[in-house]
Amino acid sequence: MTIPLLAAALVALALAFLCWALLSGDRREARAIRTNLERGLTLAQGPAAPSGIMLGLESVARRLTPEAYVRRLDRLLALAGRPSSLPLGRLLAAKPALGMLGAALGGLVVSVGSAPTMRLVALFLVGLGYMVPDLMLLSKGMERQKTIQTDLPNTLDQLLISVEAGLGFEAALARASTTGRGPLAEELVRTLQDMQVGRSRREAYLGLAERTTVAEVRSFVQSIVQADAYGIAIARVLRVQAKAMRVKRRQRAEQQAMKLPVKVLFPLLFFIFPVLFIAILGPAVINTIATLSGR
């Protein structure tokens, strides 16, 4: 009974991932290639608008989804970097579609057997299909925040060097965002764009802190806001923050090194030691059995 249930769960997960990939796929490159191929043959057309079916699904999904849950999904999208291929409306439309796919698979499982276990598996498939976008966004957001935490000390060192060389703080941010790569550089670009469209520096910096869950970024933003409010030299603040970030980076490396023996223990016990015992003691055991049997 366990093997068919596991196989059904794996098939459901694979189908849900496939549907999610189809719904969230970025087709901008294909549209750009098609536009370049058709250039000069037809009149120029605007960007392709979403189909009526997609708009209808987004409208219905937005009406049926609670407002608090919509805000939670928007927060997950912000932490994941708001991928252009997956706006909030498409995400709201994808969740019920994947839920219906899970319901169809659940109905197939129930049709095979009507035992209570099968019904629980069907309910699990429905919930899994509906929550697949949330899980993938959560995973992508966690990976992105970890990358931001890793890149922050080097970015602070670059900001400190630029400020001590005579650049202003905004110019140093622009230089770091231009030369940098990754999500932290993207967030710095977003912060500069917020200031360019008219937001105050305080609001732009606080917006940077709201778009991340990294404690070091929040601490850095609070220090910058206080320095801007009280007129403290920004170079001094950056020097203190860069030193603190380097210490925290070393502490995280030491913490990961201390966790390594515990992580290696189970592979050693279950995979490496049995093979060593077989290779070392195997011939001796075979010889002992042969000797005792008189062969």
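Up top you'll find the structure we're talking about.
Scope of this entry: the structure provided in the associated data block. (Residues numbered from 1 in each chain as written. Predicted model: local features only at pLDDT ≥ 70, side-chain atom pairs only at ≥ 80, totals over all residues. Heavy atoms only, no water.)

Focus: the packing of helix α6 (residues 116–164) against helix α7 (residues 169–179)
So, step 1. The interhelical angle for the contact between α6 and α7, taken along N-to-C directions, is 135°, at an axis separation of 9 Å. Taken as axis vectors, α6 and α7 run oblique relative to one another. For the crossing formed where α6 meets α7, the hand is right-handed. Touching T155, Q158, L159, S162 and V163 of α6 are F169, A172, L173, R175, A176 and T179, all from α7.
So, step 2. Here the residues of the contact of α6 with α7 sort into six nonpolar, four polar and one charged. (Axes fitted to C-alpha atoms, helices over the stretch in contact; angles between N-to-C directions. Helix = DSSP H or I, 4+ residues; strand = E, 2+ residues; numbered from the N terminus. Parallel < 35°, antiparallel > 145°, perpendicular 65-115°, else oblique. Left-handed = near helix turned anticlockwise from the far one by under 90°. Contact = heavy atoms within 4.5 Å. Nonpolar A, V, L, I, M, F, W, Y, C, P; charged D, E, K, R; others polar.)

Considerations on the nonpolar core
So, step 1. L156, L159, F169, Y205, F220, V221 and L238 are the most contacted members of the largest nonpolar core, which totals 30 residues.
So, step 2. Of all the secondary structure elements, the ones that give two or more residues to this core are α6, α7, α8 (183–196), α9 (201–210), α10 (215–230) and α11 (234–292).
So, step 3. Here L156 is in contact with F220, L238, Q241, A242 and M245, once residues within four sequence places are set aside. (Core = buried A, V, L, I, M, F, W, Y, C linked by side-chain atoms within 4.5 Å. Buried < 20%, exposed > 50% of the residue type's maximum accessible area, 1.4 Å probe, protein only.)

Digging into the side chain of E187
So, step 1. Looking at the element boundaries, E187 is found in helix α8.
So, step 2. One polar contact links E187 to R211, side chain to side chain, over a distance of 2.6 Å.
So, step 3. Aside from chain neighbours lying at most four places away, what touches E187 is R144, I148, L208 and R211. (Polar contact = N/O pair within 3.5 Å; in protein donor to acceptor, adjacent residues only side chain to side chain.)

In short, geometric facts, not functional conclusions.
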